[in-house]
Structure formats: C-alpha cells, structure tokens
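Coordinate inspection notes
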Amino acid sequence: MSAVPRVRVLGMGNTLAGDDGIGPRVIEHLQSAYVFLPEIELVDVGTPGLSLTDHLLDIDVAILVDAVYHRTGRARVQVYRGDEAVACLPLERSSAHEPALRRTLAALRLAGTGPQELVLVGVAPERCDIGTDLSPPVRAAIATTARVVCRELTRCGVRARRRIGREQFAPASETI
Amino acid sequence: MSRIIEIDPLTRIEGHLRVDVEVSGGVVRDAWTSGQMWRGIERILEGRDPRDAWLITQRICGVCTTVHAITSVRAVENALGLEIPVNATYIRNLLLAAHALHDHIVHFYHLAALDWIDVTRALDADPAAAARLGERVSPWPGNSRHQLEAVRDRLRAFVKGGELGIFANGYWGHPAMRLSAEANLLAVAHYLQALEYQRKANQAVALLGGKTPHIQNMAVGGVTNPINLDNASALNMEKLYWIKDLLDEVAGFVRQVYLVDACLIGAMYVDWARHGSGVTNYLCVPDMPLDSAGTRFDLPGGTIFNGDVSSVRAIESFKDPYFRDNVAECIAHSWYEGDWTRHPWDEDTEPHYAALDRSGRYSWVKAPRFQGKPMQVGPLAQVLVGYATHHPLFRAWTDQAVATVSSLAGRAVDLSALQSTPGRHLARAIRAAVLSELALKHWTLLVENIGRHDTAVYTPPVFPRGEIRGFGFHEAPRGALSHWIVIDAATIKAYQAVVPSTWNASPRDGNGQRGPYEASLIGNPIADPDRPLEVLRTVHSFDPCLACAIHVLGTSAGRTVPVGTCGGIV
C-alpha cells in the first residue's frame, strides 16, 4: 500500500426507489459536509452492472455504501468487511447490482487485481418502493452513515475534516 | 411426471423476473414469465419539467443509463419538432455506439459465457494446444502459449485457494457443457481480457458524457459538450484522438476475439441452433442518424413477421407513423386495473396486485404489441432487418460469421441458424462488429464537421402553451427502446417507457399470444431438472436486464424446493 492509501467510496442504489437511494444520498452528504484528501474519491455509482469494474481498479480500499437488509430492523447501520461483505451480496435480493457486484469481484479476483480491502457500510432500508424520497428513519441515518464512512477512512489512515462544527462532528473522535 | 421449474429472479426496477417452465420427458412444454415488481417510474415524471426528464429516466436502470437519457431527449425533441445540430447527433451516436460495445462485450463474457464454458475444465488444458487452436481461428496476439499458460496457472491457484465459489454458479461439470479443455482455457483468457476492453469502451463514454454512470452532457436540443480545439477543458483534438484510440482498440478486440468466440460457441453447440427461436416477429428501430432531422440512418430499423426476411418493412424516420401508430400495450394478464390494450400516450398505470395465476394475471410486465403481434427485439432483430434490407455492413459481417461457424462446425449452416439461442449471441457479436466500424465512421464525420468550423452543439427548445405529444426511440443494446411523452404547458402530463425487456419478457396478451421468452423456452431440452442450465441459456441469450434465482416446484408435493441460483445478473 502506498503512503496514502487510495480509497474510493462508492454510493450504490437507485434514487428513484425510496430507501434504496441511501448510497448516493450519503455520497452527496459527504461531498457537501466534509473535506477529503485528493487520494479519496467519492462516486455515486447508481445501480451499475459490470461497469463497476472501472470503479474498483487502481485503488487500495473500496468502501461501498448501500441499502442492506438487517434482521434487527430499520435504518440500522452496519459495517461488513472482506468476505463478510461479499457474503452480504446475496443473489436472492431485490436488486440488479448485487449479483453484478459479486460477479465483478469474482472476475477481478480471478484477474489478480481489484482492491486489497473491501468494506461495505450497509443501511437497513424501511421502504424501497417507487419514489425519490427516503423514509424518515433512513433519512435521519444519513449523517450517522457518513460518520461511519469517515471512521473507516480514519482506520485506513486518512482523515476527513468536517467543513463546519469540527469539535462537534470530528470523525476521528467519534465512537460508534 | 411433469414438473414446474420456477426461475424466480430479482431486480431492482425492471422487476424481479420469474420464469416458470413446465417440463416433461426432458423437454420444456410451456413457459410463463412474470415480472415480480411494479415498475411505476413514469409516475415520478408527471408534473416535472420535460427538460429534466432525461436526468430522471437514466436512473430507471443502472446498466442502461445512457440509453434512457438519449431516448428521453429524443422524445421531447420529437414533441417540439426540434432539430438538433449535426455535431450533437454525431456525439450522441459516438456515445451510444461506445456504450453498446461495452454492453455487448460484458454481456457475452461476464454474464452469459459461463452458461457455455466450464471454467474448471480449463484446468486440464494444454496451453500449447490451446494456442494452436487460437491461432487457427484468429490473429489475436493474446492467444500465445505463454499467456494461456499464465492464465491456467492463475486459475489453478484460484481454485486451489477455494475462491471459485464466488462465482456462485453451480454448473461446473454439467452434462450440457460441450467445449474441450483447450477451448475452455481460451475462453477464460478472453473473459479476463474482456475486462480490459469493456473498460476502454466505457472510458470513451465517460470522455464524451463527462462521467459514467449517469452521463452529464445531454440536453433537450443537443448536447452540452463545448467544442473548442484550443481549450484544454473543452472537447478538443487531444480528447477526440484519445477517444479514437480507445475505439480502435475495442474494434480490434471485437473483430479478433469476441466475434470469433461467438462463432466458436455457435459451432461447438451447433445442435442448439434448433432451440430457442420462439417469437419470430422482429422489431428494431433505426439509429445513428446522419442528419439533424433523423431521416437518414446508419443502423437499420424495421419489422419482419413470421421469420420471413422478405416481409421486411423499414422504419424510415424519427417521425415515422409506421412506428408511432402501431405500438400498443395490453394488460389482460398483468396486475393492473382494467382490461385494455392502449397506445402508450393513452395509458394509465394503476397497479392491482393479485396472487400469481398462470391462467389469469401473473405479471407486473405489460404486453407490448406491434399491430397486435408480439415482437422479439434485440441485436438479432437488427441483424435480420439489416440483412433483409441489403445493409452492406450487416451483410458482410453476417456472411463472414455464418461462414466461420460452418467451417468450425464442419457442416453448412445458413442464416436461419441465427434464429436460435446461440444465434442471438452471434447476432450480438455481428452487431458489435458493425458498431465498431460505425463508431469510427461517426468519429470521422464529427472531426470533419468541426474542421469546417461548425462548433454548434445546441438548439434551445421553445415550449408552446398547449398540449403536445412526442415519442423518441433508440436501438439500445437490448433492443428497441421508446419513450412516449405528453406535455402540457411545458410540464410533463404523461410519460411511458416501453423498454426492450418489456417486449421480450412480456406475458401473454388478450389473445393468448406468448411473449418472446415464453415462446423461446418451449422445446428446450432439460438434461437435469435440478440444474436447469438450458433454460438459463435461452433466457440469457436475450440479454435481459434482470437477475434471477431458480426454484423447482415438485408438483406432486406442492412445495417449492430451492435448487440453486443462476449466478448473477442476466
């Protein structure tokens, strides 16, 4: 790994399908509320197929943000790492992109490339029906999710800085 | 005993597609396809500004963002009677060609090839023999013994490390797998190389569209790429040559690898040319226009009925009433209020879910029909229409491909073999070869036009007060896509997207006519009902924008037994 790891934060999901759009919304929030080193890229990838390949190359760490069902219920923010993250991408779930992500990772692994580390930050959706709005609990989880992403960045050795209210929101001091 | 096999897949917006097939005596006797999720995206558009519609519609599908963006602006322009600058036409054409090349390569290698190749068999391959096989069929430098040996060794380490499970595809060693160890190794090598070339095609999309996914350069009235050869941040000569380099490299891969592999699969599975024809009415729309008004095109559009290429009738312009007046959607077997067949401008979308009833209503997908007939859409439709209308590029590449299949199979194969499950893959590769030429042609047209000091890219739209209607179409990677819009006082009053997978995955209509997936599955062999690989081969050959999982229903026990998944987006 280079001195400053190259990290890409990928917000996945469909902004027209209710809480499924949490990934892209977290990216928007991170972009407006935090300042990042140039080695950190934030991308709203929507619901990509194998074009996701491009976003997983030439980086050390990929942090995915997505809606992930969780048995304990709504708006739960949960971090999954490595194989645990892959295992979270079941084929039998209501989305086009998880299988593609799985396939993409499989292809990249076989090709001997792709990120060395994969982190999935999942937010449990409450409602994924047609519409551009998030449900209130999931909307309320945007800031928390962003802080969890920042905590993961800190763990990788790169800190993000809050544009305003630094004392209150500094991600490095956040404990979740 | 007859069994029902359910393929109950899941996707986000297109809907979870579920396919039920009734099997007896090792053959599929009947089939039903059911979209398992309501697709009411059009309602989000009501009341919005028509100039914003493309930004929203490109979120309909994460894989097909570019195609919905282009089709949406075409629909609004059609309603306004707005002609766009020729530079904008060429830039859109380059975008759609590069996107389609990316999509076709990914579909063949990364989504469908594992239905035909057995990765585990490649472990036993002799790299020298595989290299000889490669050399016999193609001048591609990536077929060297040295490179194939490296791929085999990497594969061995991968399998030894227990990583093969990530593919989640349980069809290794299936009796319907037919390729030799060497052919499998060659295919695995190309699977890996294809990762790089699909990326190059997507880079061309990103260079023109600003980013992928979700291009940023569309506008009702043209595109927003500033053309300025002296400005580093605009579309300048350096960027144009970068795009050309990418397109050149992709063209090499398509002609020397992709098309050859599609021929090889066609030849090794030549008995499959009997299976999967299904609905033999075909529809494609003309694309890659050569003028501002959309009256001359480089990609042919038209209809063919009953598999008879002499019945071809061309769709001639963006305004052609032959297309505009003959599309309707039927909800007789779909979960909506009412029982009607209506033109897309006159539809409403009132969901009314009930239990799945194979003899009644069983799908969220509507049944689009053309002159009352189900139509198969996709590259095969365009190849057949191109061939029938004597399109020089489609003729040349199709003749070459059919001759290659015949030579590899050791027996004469004719054009009719294209109307089959492997034929759809071959047609997609033929279309990719044609697109690889046309992309470079339209690059030249763009550069020459800029050379004449024409840098216009945008004509501002003006919205009238009253109600206007428009339609836009695009021959997307999965086939004919159309958007239909009603605008009142510069606001969207109604919007419908009739997407390729709706044509192909449609349920029965009011006259009991099956949709293309349903019809194509009848007669498919099933070697092992617990691992219905052959069903997936046929469904995957359409390149549906859907993911799926399989369940077998034992009719006697009346319970559903999950037996596996098809391993990915289909």
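Everything discussed here concerns the structure shown above.
The numbers attached to residues start from 1 for each chain and follow its sequence in the written order. Both sets of labels track the order of writing: A upward for chains, 1 upward for ligands. In keeping with the model being predicted, local features are shown solely for residues with a pLDDT of at least 70 and side-chain atom pairs are shown and tallied solely at 80 or more, while totals for entire chains, interfaces and linings include all residues. Hydrogens and water are ignored here; the side-chain numbers use all heavy atoms of the structure.

**Examining the packing of helix α3 (residues 65–80) of chain B against helix α4 (residues 86–112) of chain B**
All names here are of chain B.
- Between α3 and α4, the shortest axis-to-axis distance is 10 Å and the interhelical angle comes to 145°. Read as a crossing pair, α3 and α4 show a hand that is left-handed. For the pair α3 and α4, contact is made by Thr66, Val67, Ile70, Val73, Arg74 and Glu77 and by Arg92, Asn93, Leu96 and His99, respectively.
- Each residue gets one label: Ala, Val, Leu, Ile, Met, Phe, Trp, Tyr, Cys and Pro are nonpolar, Asp, Glu, Lys and Arg are charged, and the others, such as Gly, are polar. For the contact of α3 with α4, a count of residues per class yields four nonpolar, three polar and three charged. Note on geometry: axes are C-alpha line fits, over the in-contact stretch for helices, and angles between N-to-C directions span 0 to 180 degrees. Numbering of helices and strands runs from the N terminus, with a helix taken as a DSSP run of H or I at least four residues long and a strand as a DSSP run of E at least two residues long. Two helices crossing with the near one rotated counterclockwise from the far one by less than a right angle form a left-handed crossing, whereas a clockwise rotation gives a right-handed crossing. Residue contacts are counted whenever heavy atoms from the two residues lie within 4.5 Å of one another.

**Concerning the nonpolar core**
- Grouped together as the largest cluster of nonpolar side chains are 168 residues, with contacts concentrated most on B:Met218, B:Phe253, B:Tyr258, B:Leu426 and B:Ile430.
- Of all the elements, helix α7 (residues 181–209) of chain B adds the most residues to this core, at 17 residues.
- By convention a nonpolar core is built from buried Ala, Val, Leu, Ile, Met, Phe, Trp, Tyr and Cys residues, the set being connected through side-chain atoms within 4.5 Å. Partly exposed describes any residue whose relative accessible area lies between the buried limit of under 20% and the exposed limit of over 50%, with all areas from a 1.4 Å probe on protein chains only and scaled to the type maximum. Of all hydrophobic cores here, the second largest spans 32 residues; its members include A:Ile22, A:Leu42, A:Val79 and A:Cys156.

**Some details on helix α8 (residues 237–268) of chain B**
Residue and element names in this part refer to chain B.
- To estimate the expected span of a helix, count its residues, drop one, and scale the result by 1.5 Å. With 32 residues, α8 ought to run about 46 Å at 1.5 Å a step, and its terminal C-alpha atoms sit 45 Å apart, in line with that.
- The bend reported for a residue corresponds to the angle between axes fitted to the seven residues ending at that residue and the seven starting there. At Val254, α8 shows its largest bend, some 40°.
- The opening residue of α8, the one whose side-chain oxygen lies 3.2 Å from the backbone nitrogen of Glu238, is Asn236. Throughout this description, a polar contact denotes any pair of N or O atoms lying within 3.5 Å of each other; where both atoms belong to protein, one of them has to be capable of donating a hydrogen while the other can accept it, and for residues adjacent in sequence the pair is counted only when both atoms sit in side chains.

**Thoughts on unusual backbone geometry**
Residue and element names in this part refer to chain B.
- Non-glycine residue His453 carries a positive phi angle of around 65°.
- Turning to its location among the elements, His453 is positioned in the loop between α12 (421–451) and β14 (467–476).
- A relative accessible area of 73% means that His453 is categorised as exposed.
- Even without glycine at this site, Asp543 takes up a positive phi of about 60°.
- Assignment of secondary structure puts Asp543 in the loop between α15 (533–541) and β17 (547–554).
- Overall, Asp543 belongs to the buried group, its relative accessible area being 1%.

**Digging into the packing of aromatic side chains**
- Only Phe, Tyr and Trp rings are paired, with Trp represented by its six-membered ring, and only when their centres lie within 6.5 Å; those with planes under 30 degrees apart are stacked, over 60 edge-to-face, the remainder tilted. Counting across every chain of the model gives 26 aromatic pairs over all chains.
- Both rings, one in B:Phe318 and one in B:Phe473, keep their centres 5.5 Å apart while their planes meet at 70°; by these two values the pair is edge-to-face. Residue B:Phe318 is found in the loop between β10 (308–314) and α9 (321–324), and its partner B:Phe473 is found in strand β14; the two are separated by 155 residues along the sequence.
- Take B:Phe473: its relative accessible area is 1%, and that puts it in the buried class.
- On the basis of an interplanar angle of 15° and a centroid distance of 5.8 Å, the ring pair of B:Phe323 and B:Trp484 is categorised as stacked. In this pair, B:Phe323 sits in helix α9 while B:Trp484 sits in strand β15 (residues 479–488), placing the two residues 161 residues apart along the sequence.
- Relative accessible area serves as the criterion here: at 1%, B:Phe323 is assigned to the buried category.
- Three or more aromatic residues joined by ring pairs form one cluster here, namely B:Phe297, B:Phe318, B:Phe323, B:Trp345, B:Phe471, B:Phe473 and B:Trp484.
- For a lysine, the NZ atom is tested; for an arginine, the CZ atom; a charge sits over a ring if that atom is within 6 Å of the ring centre and within 35 degrees of the ring normal. Between A:Arg162 and the ring centre of A:Tyr34, over which it is positioned, the NZ or CZ distance is 5.2 Å.

**Brief notes about the layout of surface pockets**
- For each structure, a 1 Å grid was placed over the protein atoms alone; sets of points admitting a 1.4 Å probe that cannot get out are labelled cavities, open sets with protein on both sides within 12 Å along at least five of seven lines are labelled pockets, and lining residues have an atom within 4 Å of a point. Grid points are joined across faces, edges and corners, and a volume is the space filled by probe spheres set on the points. For the largest pocket, the calculated volume is near 360 Å³.
- If you go around the largest pocket, you meet 17 residues; those closest to its centre are A:Asp54, A:His55, B:Gln203, B:Ala206 and B:Thr212.
- For the lining of the largest pocket, the secondary-structure elements that each account for two or more residues are β3 (40–46) and α2 (53–56) of chain A together with α7 of chain B.
- By residue number, the principal contributor to the lining of the largest pocket is α7(B), which donates five residues.
- Looking at the lining of the largest pocket, its residues break down into six nonpolar, five polar and six charged.

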